[in-house]
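# A closer look at the structure
Now for the letters of each chain:
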Amino acid sequence: QPFHLKCNEALGKGDLYLASAQHTPHRGSRITNHQAVFMSAVCDNNAVWIIHHVSDMGIKTGATRLLSLGESVPSNTPIVMLHRATGQSLYCDDGISESTEFGLEYEVCANSSKAPNKCESLVAEAKGTMTASTNVRAELASNQWMVAMA
């Protein structure tokens, strides 16, 4: 289910939404030059995100995501937030940080970081059941997020 992630109104800047735009040579994240993620007052296609379940490692790599489409996402479980317009996942690596006047800050950008190995792809290709939406590579920890309830 596509959604918009709205910023807390306590910032006093009006309605702001988490957004991203296509990476270009002139537009990218500050440190890694991946696809930039930013807060925008415009709630358009650049501010639409999709939550997917994290694929299981091993034998059920693509099955978890495919079978859970349309289901609710339980809290406190790993998820992947996918930018609908570009297909890139929300990304944060704890090794990419900078010290600012607010303290240590981590860069958040859009970059799909996946494991190098593919699971079940040869069997599915031989049977003719593989499609473009079949997820054969698991996302790494830098693409995994969690909706935590207080």
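Residues numbered from 1 in each chain as written. Predicted model: local features only at pLDDT ≥ 70, side-chain atom pairs only at ≥ 80, totals over all residues. Heavy atoms only, no water.

Looking only at helices and strands, the chain has 2 helices and 7 strands in total. Ordering the α and β elements of the chain from the N terminus gives β-β-β-α-β-β-β-α-β. In the chain, which comprises 150 residues, the proportion classed as buried is 32%. Sequence-distant contacts in the chain: of pairs separated by 6 or more residues, those separated by 24 or more amount to 59%. For the chain, the accessible area works out to roughly 9500 Å², and carbon and sulfur atoms hold 55% of it. (Helix = DSSP H or I, 4+ residues; strand = E, 2+ residues; numbered from the N terminus. Buried < 20%, exposed > 50% of the residue type's maximum accessible area, 1.4 Å probe, protein only. Contact = heavy atoms within 4.5 Å. Areas by Shrake-Rupley, 256 points an atom, 1.4 Å probe, with all protein chains shown as cover.)

The residue His4 is located in the segment before strand 1 (17–20) in this model. Along the primary structure His4 and Leu18 are separated by 14 residues, whereas in three dimensions their C-alpha atoms are 7.2 Å apart. Here Ala47 takes part through its backbone oxygen, which lies 3.0 Å from a polar atom of the side chain of His4. (Polar contact = N/O pair within 3.5 Å; in protein donor to acceptor, adjacent residues only side chain to side chain.)

Quick look at the nonpolar core now. Leu18, Val37, Trp49, Ile79, Met81, Leu90 and Ala110 form the largest nonpolar core, which has 7 residues in total. Here Val37 is in contact with Leu18, Ala19, Ser20, Trp49, Leu90, Val108, Cys109 and Ala110, once residues within four sequence places are set aside. (Core = buried A, V, L, I, M, F, W, Y, C linked by side-chain atoms within 4.5 Å.)

With 2 bridges joining them, strand 2 (residues 35–40) and strand 6 (residues 103–110) adopt antiparallel strand pairing. Its bridge partner being in strand 6, Gln35 is matched across the sheet by Ala110. In terms of strand pairing, strand 5 (residues 90–100) meets strand 6 through 7 bridges, oriented antiparallel. Within the sheet, the bridge partner assigned to Cys92 lies in strand 6 and is Val108. Between strand 5 and strand 6, which pair antiparallel one after the other, the connecting turn spans 2 residues. (Pairing = 2+ DSSP bridges.)

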